[in-house]
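# Structural overview
The chain contents come next:
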Amino acid sequence: MADLFERLKPEIKKAKPSIIFPEADDERIREAVYALASEGLIVPILIGKPEESTEELRTLAAENKLRFLHPETDKDLQTKIDALVTRRKGKTDAAQAAQWLSDPCYYGTMLVYLGEAEGLVSGAAHSTAETVRPALQIIKAQPGKKRISGSFILAKGDKEFVFADCGINISPDSETLAEIAIESAETAILFGIDPKIAMLSFSTKGSAKDPSIDKVTEAVKRVHEKARDLAVDGELQFDAAYVPEVAAKKAPDSPIAGKANVFVFPNIDAGNIGYKMVQRLGSYTAVGPILQGLAKPVNDLSRGCSADDVYKLALITAKQALSAAQPQNV
Ligand SMILES: CC(C)(COP(=O)(O)OP(=O)(O)OC[C@H]1O[C@@H](n2cnc3c(N)ncnc32)[C@H](O)[C@@H]1OP(=O)(O)O)[C@@H](O)C(=O)NCCC(=O)NCCS
Ligand SMILES: CC(=O)OP(=O)(O)O
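Being a predicted model, the structure only gives us computed values, none of them experimental. (Residues numbered from 1 in each chain as written. Chains lettered and ligands numbered in written order. Predicted model: local features only at pLDDT ≥ 70, side-chain atom pairs only at ≥ 80, totals over all residues. Heavy atoms only, no water.)

Looking only at helices and strands, the protein features 13 helices and eleven strands. Here the C-alpha atoms of the protein give a radius of gyration of 20 Å, agreeing with the 20 Å that 2.2 N^0.38 yields for 330 residues. Overall size of the protein, expressed as C-alpha extent along the three principal axes, is 65 × 45 × 30 Å. The 330 residues of the protein split such that 54% are buried. Within the protein, contacts between residues separated by at least 24 positions form 69% of all contacts whose residues are at least 6 apart in sequence. Across the protein, the mean location of the 41 positive side-chain charges is 3 Å away from that of the 46 negative side-chain charges. (Helix = DSSP H or I, 4+ residues; strand = E, 2+ residues; numbered from the N terminus. Rg over C-alpha atoms; globule rule 2.2 N^0.38 Å. Buried < 20%, exposed > 50% of the residue type's maximum accessible area, 1.4 Å probe, protein only. Contact = heavy atoms within 4.5 Å. Lys, Arg positive; Asp, Glu negative; His and termini not counted. Charge placed at Lys NZ, Arg CZ, Asp CG, Glu CD.)

In structure tokens, the structure reads:
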């Protein structure tokens, strides 16, 4: 079977969604955008000036396969400033809005909010906070959702997993942890992974006692209440969640132990360290953080990303954009 990213391509190529890249100067972004536009997968919009870019990207722009936009040359900037003030409902005045929109990430996010582009990919040269804050402030959560979270798709050969939250919620309580689990299941389904969710801990089924474990078991109960049909269990250690022989010893009655493919970490320390170890020690491709629960697709990159990671996150963003009309609520 084609890998997850190849599977996405035919649908994306047909629709060619426009995706914003605010980091027009970054070499990895330029390389990925060149490939995406040349292959006719998406129409990249670089927040930058053509005269400051490369000859090959200017050529693609001349062929209408790519666009450049910049707040300094935007004739409708004042309209966007007014729309941002309205969106912020008294939390941001016109001076602040004008300052925000001079920043490529805020400007690009506003274009997505206004429907002038279908998604945004940033974070190769900016921290996660700098990348996601504009989306949290402007685009906000989907109706019915409270907390936006950040997952990674970890892939190698035919192995495909979702890890969360690796990027946004620092110390989630049980309610947030339950929301992260449900949003991660939606991400898995969107990308063709049948979710079996392990709520991870340093304990399996009562082998240790600590309030941090109670938080995880409480979250499992909440997921059962909110999304009855989801295959979820916890608290589970990673070996019990993933290795059938260990699951048989530690959690023999669990419906998902030994076969989990969605891993929900108890906090961001575990999630962020865990995904980077699998990526770097296990040679997995790690794509994300994919923002889950956001009303429109904006996704972050690690500053350690490669051009290939940017290319793949753009495909993920494009797929989210195409499915936006039909949210994958579980
Ligand atoms: C995401 C993060 C930047 C938000 O922090 P912040 O901007 O200081 O958050 P604030 O509490 O000031 O909230 C800013 C806005 O975002 C919203 N917000 C913050 N976190 C949110 C979440 N998880 N879901 C939905 N909305 C959220 C707030 O409601 C607020 O909206 P408002 O301005 O309309 O009132 C912060 O949680 C963070 O630093 N997370 C870790 C990022 C990181 O370093 N990850 C590791 C590398 S991937
Ligand atoms: C996702 C992540 O860890 O981002 P960065 O490496 O840029 O901090």
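Here we come to the pairing of strand β5 (residues 149–156). Looking down a regular strand, the side chains alternate between one sheet face and the other. Burial of β5 is extensive: seven of the eight residues sit out of reach of the surface. In this structure, the hairpin formed by β5 and strand β6 (residues 159–164) is closed by a connection of two residues, where G157 is found at a positive phi of approximately 55°. (Pairing = 2+ DSSP bridges.)

Every one of the 19 residues lining ligand 1 counts as a neighbour, but R88, K91, R133, K140 and I148 are closest to it. In the model, an oxygen atom of ligand 1 is placed 2.9 Å from a nitrogen or oxygen of the R88 side chain. Within the contact set of ligand 1, an oxygen atom lies 2.7 Å away from a side-chain nitrogen or oxygen of K91. Computed on the free molecule, ligand 1 has an accessible area of 940 Å², of which 65% lies beneath the protein chains in the complex. Among the elements of the structure, α7 (128–139) and α12 (268–282) are those that each provide at least two residues to the shell around ligand 1. Looking at which element gives the most residues to the shell around ligand 1, the answer is α7, with six residues. Of the residues in the shell around ligand 1, the class split is eight nonpolar, five polar and six charged. (Near = heavy atom within 4 Å. Polar contact = N/O pair within 3.5 Å; in protein donor to acceptor, adjacent residues only side chain to side chain. Areas by Shrake-Rupley, 256 points an atom, 1.4 Å probe, with all protein chains shown as cover. Nonpolar A, V, L, I, M, F, W, Y, C, P; charged D, E, K, R; others polar.)

Right, let's talk about the nonpolar core for a bit. If you look at the biggest cluster of nonpolar residues, it comprises 57 residues, and the most contacted ones within it are F21, I42, L46, I197, M199 and I316. Considering each element in turn, this core owes the most residues, eight residues, to helix α8 (residues 174–190). Core analysis: the second largest hydrophobic core is formed by 20 residues, F161, A247, A257 and F265 among them. (Core = buried A, V, L, I, M, F, W, Y, C linked by side-chain atoms within 4.5 Å.)

Attention shifts here to helix α13 (residues 307–323). For α13, which comprises 17 residues, the first-to-last C-alpha distance of 25 Å matches the rise-based estimate of 24 Å (1.5 Å per residue) to within 8%. Most of α13 sits out of view: 15 of its 17 residues are buried. (Expected span 1.5 Å × (residues − 1).)

Close to ligand 2 lie T128, F152, N272, Y275, K276, P289, S302 and R303. A distance of 2.8 Å is found between an oxygen atom of ligand 2 and a side-chain nitrogen or oxygen belonging to K276. A distance of 2.7 Å separates an oxygen atom of ligand 2 from a polar side-chain atom of S302. Bound to the protein, ligand 2 loses 86% of the 260 Å² it would expose on its own. For the shell around ligand 2, the leading source of residues is α12, giving three residues. The residue inventory of the shell around ligand 2, partitioned by class, reads three nonpolar, three polar and two charged.

Further remarks concern the packing of helix α4 (residues 77–87) against helix α5 (residues 94–101). Packing of α4 against α5 brings their axes to within 9 Å, and their N-to-C directions diverge by 120°. The orientation of α4 with respect to α5, classified from their angle, is oblique. Judged by the twist between their axes, the crossing of α4 over α5 is right-handed. Counting all contacts with α4, which are made through L77, K80, I81, L84 and V85, the residues of α5 involved are A94, A97, A98, W100 and L101. When its residues are assigned to classes, the contact of α4 with α5 shows nine nonpolar, no polar and one charged. (Axes fitted to C-alpha atoms, helices over the stretch in contact; angles between N-to-C directions. Parallel < 35°, antiparallel > 145°, perpendicular 65-115°, else oblique. Left-handed = near helix turned anticlockwise from the far one by under 90°.)

The next point concerns the UniProt feature "domain: Phosphate acetyl/butaryl transferase" (unreviewed entry) in the protein. The sites that UniProt annotates as "domain: Phosphate acetyl/butaryl transferase" (unreviewed entry) are residues 5–318. Along residues 5–318, the helical share is 46% and the strand share 18%, with 11 Å between the first and last C-alpha atoms. (UniProt positions renumbered as here; feature names shortened; annotations may be inferred.)

Every α-helix winds through 3.6 residues per turn, so residues three or four apart in the chain are directed the same way. Look at helix α2 (residues 27–38): 16 Å from first C-alpha to last across twelve residues, which is about the 16 Å you get at 1.5 Å a residue. By the burial criterion, the buried members of α2 are I29, R30, A32, V33, L36 and A37. A distance of 2.9 Å separates the backbone nitrogen of R28 from a side-chain oxygen at the start of α2, and that oxygen is part of D26. Positive phi shows up at G40, right after α2, with a value of about 70°.

Within strand β8 (residues 231–236), five of the six residues are buried, which leaves it mostly tucked inside the rest of the structure. Where the polypeptide runs from strand β7 (residues 196–200) across helix α9 (residues 211–226) and back to β8, its parallel neighbour, the crossover connection is right-handed. (Right-handed = clockwise from strand over helix to strand, strands pointing away.)

Here we take up the state of the cysteines. Using the criterion set out here, one finds zero disulfides in the structure. Of all cysteine sulfurs in the structure, the one in C305 sits closest to C166, which takes part in no disulfide; the separation is 16 Å. By relative accessible area, C166 is classed as buried at 1%. No disulfide involves C305; its nearest neighbouring cysteine sulfur is the one of C105, lying 14 Å away. Since its relative accessible area comes to 7%, C305 is described here as buried. (Disulfide = S-S within 2.5 Å.)

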